[in-house]
Amino acid sequence: MPARRFIIQGLVQGVGYRAFVERLAVRQGIRGEVWNRPDGAVEAFVEHESLDILQSFAQQLSLGPGTIEDISVSFEAEQGYESFEIGHSR
C-alpha cells in the first residue's frame, strides 16, 4: 500500500492544523497519524491503496489554517494503520 510522510512548515501549530488534516484524511479514507514536532512543524504519516487519493490529499494540505511555508514529502513503507488519529507531540 502506498504511504507518504509530510512535513508541513510555517505557522501551523496552535491554529487547528492537525484537526484540519484529520478531517481531510478521514473524509478520504486515509489511515495514519498527524502530530506536532518540536521545531514548530506538523508531521503526518498517511497510507491508502490509491495513489490518486494520496495525491489529492497532498494538494489539499496547503489549504489548511495557519501560514504554510513549505510542505516536504517522502515515500515510505506501509505501517499498517487501522484508522487516522491525532498523535501526541514528538
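Just above sits the structure.
Calculation criteria
Residues numbered from 1 in each chain as written. Predicted model: local features only at pLDDT ≥ 70, side-chain atom pairs only at ≥ 80, totals over all residues. Heavy atoms only, no water. Helix = DSSP H or I, 4+ residues; strand = E, 2+ residues; numbered from the N terminus. Expected span 1.5 Å × (residues − 1). Buried < 20%, exposed > 50% of the residue type's maximum accessible area, 1.4 Å probe, protein only. Arc of directions from axis to C-beta. Contact = heavy atoms within 4.5 Å. Salt bridge = Lys/Arg side-chain N within 4 Å of Asp/Glu carboxyl O.

Draft legend 1. Structural detail: helix α1 (residues 17–28). Taking 1.5 Å of rise per residue, the 12 residues of α1 would be expected to cover 16 Å, and the 17 Å separating its terminal C-alpha atoms lies within 8% of that figure. Of all the positions in α1, only Tyr17, Phe20, Val21, Leu24, Ala25 and Gln28 are classed as buried. An end-on view of α1 places all buried positions within 125 degrees of arc, on one side of the element. Residues Val26 and Arg27 are exposed on α1 and point more than 90 degrees away from its buried face. Lining the buried residues of α1 we find β1 (3–11), β2 (31–36), β3 (42–47), α2 (51–60), β4 (67–76) and β5 (84–86). Gly29, located one to two residues past α1, shows a positive phi value of around 75 degrees.

Draft legend 2. Geometry of the pattern of salt bridges. Enumeration over the complete set of coordinates arrives at 6 salt bridges. Residue Arg37 is joined to Asp39 by a salt bridge in which the shortest nitrogen-to-oxygen separation is 2.8 Å. Put simply, Arg37 and Glu43 hold a salt bridge, and the shortest N to O gap is 2.9 Å. Residue classification places Glu43 among the buried residues on the basis of a relative accessible area of 9%. One connected set of salt bridges, linked through shared partners, spans Arg5, Arg37, Asp39, Glu43 and Glu76.

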